[in-house]
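Single-letter residue listing:
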Amino acid sequence: MEKATVVVVGGGATGLGILRDLSMRGVDTLLIEKKDLINGASSRYHGLLHSGGRYAVKDQEAAKECIEENKILRKIGQSCVEPCGGLFVRLDSDDPAYEADWVAGCQASGIDAQDISLEEAFRIEPRLSKHVVSAYLVPDAAIDGFRLAWQSVESAKRYGGRIKTYTKLSDIIVSNGTVTGIHVQNTLTGQVEEIACHILINAGGGWAGEIAQMAGLEVGVQPDKGTLLAFNQRISNHVVNRLHKSSDGDIFVPHGSITILGTTSMSIPSAEDTHTSREEVEKLLAIGEQTFENLRDYRILRAFAGSRPLYMPPGGASGRGASRGFAIVDHKSQDGLSGMVTIVGGKFTTHRLMAERMADLVCKKLGNNQPCRTAEEALVPQVSGEEKKKAHKLFPSFGTDLAATRLGPERFKRVVAAMEKNPEKREVLCECENVTRAEFEEIARESTSHILNDVRRRTRVGMGTCQANYCALRAASAFASCGHEEAAKDSIKQMKQFLEGRWKGIRPVMMGRSLKETEMTRGLYELVFNINGEEED
Amino acid sequence: MIRSDVLVIGAGLAGLMAAYTSAKQGKKVTLLTWGEGTLTVNSGTIDILGFDENHKRVNNPLQGIDNLPADHPYKKIGRQALQEGLASFLELTKQHELTYIGSMEANQPVVTAIGTKKRTAYAPLPMVLSEQALTKKKIRAVAIKGLKDFYGDVMIENLKKSFGPDKDYGVIPIDTGLMGGRDITIQDVARYLDTPQGNADFLSQLEDLDQDTLLVLPPIFGSHGHTVYQTISQEMKATMVETTCLPPSVPGIRLRYAFRDELRQLGVDIVESSKAVASEIEGTKAVSVIANSASNQRRYYADRFILATGGFYSGGIEMRDFEKPIEPIFHLPISFVKGEDQWTNEELFGSKAQGYAKTGIETNDLLQPVNKEGQVVLDNVYIVGRNLAGFDFCFEHSGNGIAIASAYKAASVGMGKEA
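Note that the structure is predicted; figures quoted are calculated from it, not measured. (Residues numbered from 1 in each chain as written. Chains lettered and ligands numbered in written order. Predicted model: local features only at pLDDT ≥ 70, side-chain atom pairs only at ≥ 80, totals over all residues.)

Participant: Which residues make up the overall build of chain A, and what values go with them?
Facilitator: Within chain A, the secondary structure is distributed over 16 helices and 22 strands. Relative to the compact-globule value of 24 Å for 537 residues, chain A shows a C-alpha radius of gyration of 23 Å, a close match. Out of the 537 residues in chain A, the part that is buried amounts to 59%. For chain A, the proportion of contacts with a sequence separation of at least 24, taken over those separated by at least 6, is 71%. (Helix = DSSP H or I, 4+ residues; strand = E, 2+ residues; numbered from the N terminus. Rg over C-alpha atoms; globule rule 2.2 N^0.38 Å. Buried ≥ 20, exposed ≤ 12 C-beta atoms within 10 Å, placed from the backbone. Contact = placed C-beta atoms within 7 Å.)

Spelled out as structure tokens, the structure:
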């Protein structure tokens, strides 16, 4: 039977932060996740590293936490952060009184909000609406949730931390008022096993309520769905926020070659619901085009949705009014059950801090007095400039830097060696994200790469502007030749699954140039490959 | 003033076929094109009908057409135009050393770029799986070093399903020497095989294969006609068969060259890099089409206009906002399905056509655009190919058949040679 001192349930940013923190303090920790890592709220959001400006009026404590954590994540997760900076802009239709409150709030929270002239604002963001009447620069940034998650795993692994993906909690074992272990099921193979532990941490996010229920406990979590749009270009070079009372569809975040606009806010019964509709798309566009008037001229790549896991203490507010803060529930003091703690709420930007608080509590219970070091030590070392320079001739134009940030030094070294040895491994599988066959194969061979979509989240294959149009075939072929599971050997199934996954996000935005791209995809895969017409004879 | 008898807008298969048919009747034809035309992304096989409405495979396309609903474009085009149009297409291709083999009454299998089978009515000679080819015991996929989008492993995996477990399968790697630190495309290899050196180099790597071998290759045998394929075939003991491929699609490019050469011979004025953006209309007649090139704007006057600008892919139909599709040149009425649930299916690849894909221009049986009441909107404008409403060509595998037949009909109607 597998054993761990601590088992963390939930492979979102919070759970991974806890895994890393505890591992660094020498606690034997295992994390389980029912799907691939970062499948819930931690990847289904803007990818915004908050400066705290968003909370400067409503919740200054959250604002202070954000700006502190913002500085820390830039330092420890250098290759996950695009330090693009942020703008808060007020339109002539927005309440001027709010601006004054906001400026004061930023000052009180320690956020450096720099008033800039309109001339300067239009110079740095030429597409901004001319209805903008004031603009402030803040230290917002874009952050890659997938990369941060996997780098956190790397970091934890150096200290003995372990993960199991596609592993679903099926049962919590309680004996004499104490949690002693869990039963889990592998969702790909169906295999069931028991894992013994001293402490179980419920970091299930939107699913935390269901997990608590398995131990007969009640934790109030209200999933609050946010829908976002990804556009195929950089509409702005900065994160652009509307300077008004927080509302739907008022933040634009540039990421590499795309921009994410969000989000809506809607209470839903289950965090599993990631469905998006035309109505939500229309709503986001209608608000977004107030900030960027020509918004509808851009191609929308896809719509996606995730749920904020809002903690609901009895009698609290809901929706956007509910706190973005987090809560730690010790079930021993609250419910009389030893060996189980729950963490809910919070936001991506402050996940490290949340993990630190949780690890403090757990270490206290375990009698471990190691201090937290997660704010000082980098997640992964950087690839040196010299190594990148040497490798430059092997990669497509901008590909060296992208590969280096995605891979980290050890994998980068192996990928470069593979490309040097065999020039065919230099094939660019994904032009949009500059992914070479060598990089794809490096990730596909890892034990956590079960299906093609897992490799996608790691390498970004298929996530760029073609939305897998060209690379689905290439990726399926590469996966078939090096994937380690039986699934990898059915390339048509992998291709279909890959493209159907993309389709889910394209469907609600089937207008404008998405129509054109979809016609291309269908023309290739249905007509030229006939993947929808397998022969029965 | 630029005036022609017929102005064709668009240079995909439908536009080229319309220009050809008009010019053959002695008309003065101008062909306006913006970009390459879609033949570079066209499979090059002439699919007439591959699947019915319920995604059941159609074995006999002519019979399959009879069972289509009344508002399907084939029903308007009619059997005669389809038959005559195809005969005319076959005549043109033959003159330009392209041999198409097949029948309107029996679909035949061809091998795709991933080793699956696809069925089509007329296949270019190098893709045809002859009876004799199907008896070969050894099946070999040719993997060209550095070539993108054609992968030996995936080919073999699917070829086994396509040709059965009793055969012997393998991959033969060959090196064309073209890979100078960058990926190469099928078109690069085809151009290489256009040269005597490429030809000889290819043969030297594969000539010792025995006659019990079926070689499956991407369409690399030259970018013009089928002569390179025929010449090499004669010198090889093994049998060779080409597959479909991702763009740049060589079988489509070969067709494009054939049409281009033919249209030039017939004196068609091909105006490239000109985007038709608007039109001038008087009553129920179109007078001229206004087109922008890089340097200027021109008016093209004609007696007859054939609209072959395509659908959403080519920009012949645009939809900037939900439920507001437009045809940007003549602003013709567009037929489309309303409601989010009807617009798309939950699955990208399913057993039901996609609603959005049927968006197009409704016509009468003469292919003139009509409004909701069925009245002709412009009586000297004709609609062809993917501009037509009521069919999902990706789902039913009918695009090239409809393109050829509708273009033939639109160019023949009222020209003394009624289709």
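Having seen the structure, we can now continue with the description.
Participant: Would you mind going over the overall build of chain B in detail, with residue names and values included?
Facilitator: Tallying secondary structure elements over chain B gives 12 helices and 15 strands in all. When its C-alpha atoms are laid out on the principal axes, chain B stretches across 70 × 45 × 40 Å. Taken across its 419 residues, chain B has 54% of its residues classed as buried. Of all intrachain contacts in chain B linking residues separated by at least 6 positions in sequence, the fraction that spans at least 24 positions is 71%.

Participant: Just give me the short version of the domain arrangement of chain A, but keep the residues and values in it.
Facilitator: All names here are of chain A. We note that the domain assignment places domain 1 (2-40 + 146-220 + 324-366), domain 2 (82-141 + 223-308) and domain 3 (385-528) within chain A. At the junction of the two partners, domain 1 supplies 4 residues and domain 2 supplies 4 residues. Residues that form the side of domain 1 that touches domain 2 fall into these classes: 1 nonpolar, 3 polar and no charged. (Domains from an automatic or database assignment. Nonpolar A, V, L, I, M, F, W, Y, C, P; charged D, E, K, R; others polar.)

Participant: Before we move on, can you summarise the nonpolar core with the specific residues and values?
Facilitator: Side chains that are nonpolar tend, in soluble globular proteins, to be buried together. Counting 281 residues, the largest nonpolar core has I201(A) and V384(B) as the members making the most contacts within it. Ranked by size, the runner-up nonpolar core spans 13 residues in total, among them V383(A), F395(A), M419(A) and A438(A). (Core = buried A, V, L, I, M, F, W, Y, C linked by C-beta atoms within 7 Å.)

Participant: Could you give me a rundown of the sheet that holds strand β7 (residues 138-144) of chain B, with the residues and numbers involved?
Facilitator: Residue and element names in this part refer to chain B. Sheet architecture is open: 4 strands sit in the order β8-β7-β9-β10, paired in parallel fashion. Looking along the sheet, the strands with just one partner apiece sit at the ends: β8 (168-174) and β10 (239-242). Geometrically, the sheet is characterised by an average inter-axis angle of 25° between neighbouring strands, direction not taken into account. Here β7 pairs with strand β9 (residues 213-217) via 4 bridges, running parallel. Looking at the pairing, K138 lines up with T213 of β9. (Pairing = 2+ DSSP bridges. Axes fitted to C-alpha atoms, helices over the stretch in contact; angles between N-to-C directions.)

Participant: Break down the sheet that holds strand β3 (residues 48-49) of chain A for me, citing the residues and quoting the values.
Facilitator: Residues and elements named next belong to chain A. Spatial ordering of the open sheet is given by β3-β8-β4, a layout of 3 strands whose pairing is antiparallel. The sheet terminates laterally at β3 and β4 (81-82), the two strands that pair on one side only. In this sheet, strand β8 (residues 141-143) lies alongside β3 in antiparallel orientation, the contact comprising 2 bridges. Within the sheet, the bridge partner assigned to L48 lies in β8 and is A142.

Participant: So, the packing of helix α14 (residues 471-482) of chain A against helix α15 (residues 491-506) of chain A: which residues are in play, and what are the values?
Facilitator: All names here are of chain A. Running from N to C, α14 and α15 cross one another at 135°; their axes reach a closest spacing of 9 Å. One element, α14, and the other, α15, form an angle in the oblique class. Both α14 and α15 take part in a crossing whose hand is right-handed. Packed against α14, whose contacting residues are A472, L473, A475, A476, S477, F479 and A480, the element α15 presents S491, Q494, M495, F498 and L499 at the interface. (Parallel < 35°, antiparallel > 145°, perpendicular 65-115°, else oblique. Left-handed = near helix turned anticlockwise from the far one by under 90°.)

Participant: I'd like a rundown of the pairing of strand β4 (residues 108-111) of chain B, residues and numbers included.
Facilitator: The side chains of a regular strand alternate between the sheet's two faces. Residue and element names in this part refer to chain B. The alternating pattern of β4 places Q108 and V110 and P109 and V111 on opposite faces, both of which are buried. Bridge count between β4 and strand β5 (residues 117-120): 4 bridges; the pairing is antiparallel. Across the sheet, V110 pairs through a bridge with K118, a residue of β5. Between the antiparallel neighbours β4 and β5 lie 5 residues, among them G115 with a positive phi of about 90°.

Participant: So what about the interface of chain B and chain A? Which residues, and what values?
Facilitator: Between chain B and chain A, the residue contacts involve 42 residues of the former and 42 residues of the latter. For the side of chain B that touches chain A, the secondary-structure elements that each account for two or more residues are β5, α5 (152-163), α10 (340-343) and α11 (393-396) of chain B. Looking at the side of chain B that touches chain A, its residues break down into 18 nonpolar, 11 polar and 13 charged.

Participant: Which residues make up helix α12 (residues 399-412) of chain B, and what values go with them?
Facilitator: Residue and element names in this part refer to chain B. Compared with an ideal rise of 1.5 Å per residue, which puts 14 residues at 20 Å, α12 spans 20 Å between its outermost C-alpha atoms and is within 8% of the ideal. Counting buried positions along α12 gives 14 out of 14 residues, so the element sits mostly inside the fold. Two residues or fewer past α12, G414 is found with a positive phi of approximately 70°. (Expected span 1.5 Å × (residues − 1).)

Participant: Can you break down the confidence of the model for chain B residue by residue, with the values?
Facilitator: For chain B, the mean per-residue pLDDT works out to 95, and 99% of the residues sit at or above 70. For this predicted complex, the interface score ipTM comes out at 0.96, while the overall pTM is 0.93. (pLDDT = per-residue confidence, 0-100.)

Participant: Give a detailed account of the domain arrangement of chain B, specifying residues and quantitative values.
Facilitator: Residues and elements named next belong to chain B. Split by domain assignment, chain B resolves into domain 1 (2-99 + 253-412) and domain 2 (113-243). Contact with domain 1, which involves 16 residues of that partner, is made by 14 residues of domain 2. Classifying every residue of the side of domain 1 that touches domain 2 gives 6 nonpolar, 6 polar and 4 charged.

Participant: Give a description of helix α6 (residues 186-193) of chain B that names residues and reports values.
Facilitator: All names here are of chain B. Here α6 lies mainly inside the structure; 6 of its 8 residues are buried. For α6, the set of buried residues is I186, D188, V189, A190, Y192 and L193. Along its buried surface, α6 packs onto β7, α7 (196-206), α8 (227-235) and α9 (250-265).

Participant: Talk me through unusual backbone geometry; I want residue IDs and the actual numbers.
Facilitator: When glycine is set aside, most residues are seen to have a negative phi, and most peptide bonds are trans. The omega angle of the peptide bond from G262(A) to T263(A) is -5°, so this bond is cis rather than trans. With an omega dihedral of -5°, the bond running from P247(B) to P248(B) counts as a cis peptide bond. Phi angles above zero are rare outside glycine, and N176(A) is one such case at about 50°. Checked against the element boundaries, N176(A) lands in the loop between β10 (167-175) and β11 (178-186). Assessed through the 6 C-beta atoms surrounding it within 10 Å, N176(A) is described here as exposed. One non-glycine residue with positive phi stands out, namely R460(A), at about 75°. Relative to the elements of secondary structure, R460(A) occurs in the loop between α13 (452-459) and α14. Overall, the presence of 21 C-beta atoms within 10 Å leaves R460(A) in the buried class.

Participant: Please set out the pairing of strand β16 (residues 258-262) of chain A residue by residue, giving values where relevant.
Facilitator: All names here are of chain A. In terms of residue burial, β16 counts as a mostly covered element, since 5 of its 5 residues are buried. Taking every second residue as pointing to the same face, both faces of β16 are buried, with I258, I260 and G262 on one and T259 and L261 on the other. The pairing of strand β13 (residues 221-231) with β16 spans 4 bridges and is antiparallel. Its bridge partner being in β16, A230 is matched across the sheet by I260. In terms of strand pairing, strand β15 (residues 251-255) meets β16 through 5 bridges, oriented antiparallel. Bridging across to β16, H255 finds its partner in I258. Counting the residues between successive antiparallel strands, the hairpin from β15 to β16 contains 2 residues, one of them, G256, with a positive phi of roughly 50°.

Participant: Account for the environment of H50(A), with residues named and values stated.
Facilitator: Residues and elements named next belong to chain A. Its location among the elements puts H50 in the loop between β3 and α2 (60-76). For the pair H50 and E65, spaced 15 residues apart in sequence, the C-alpha to C-alpha distance is 9.8 Å. Excluding its chain neighbours within four sequence positions, the residues that come into contact with H50 are C66, N70, D140 and T349.

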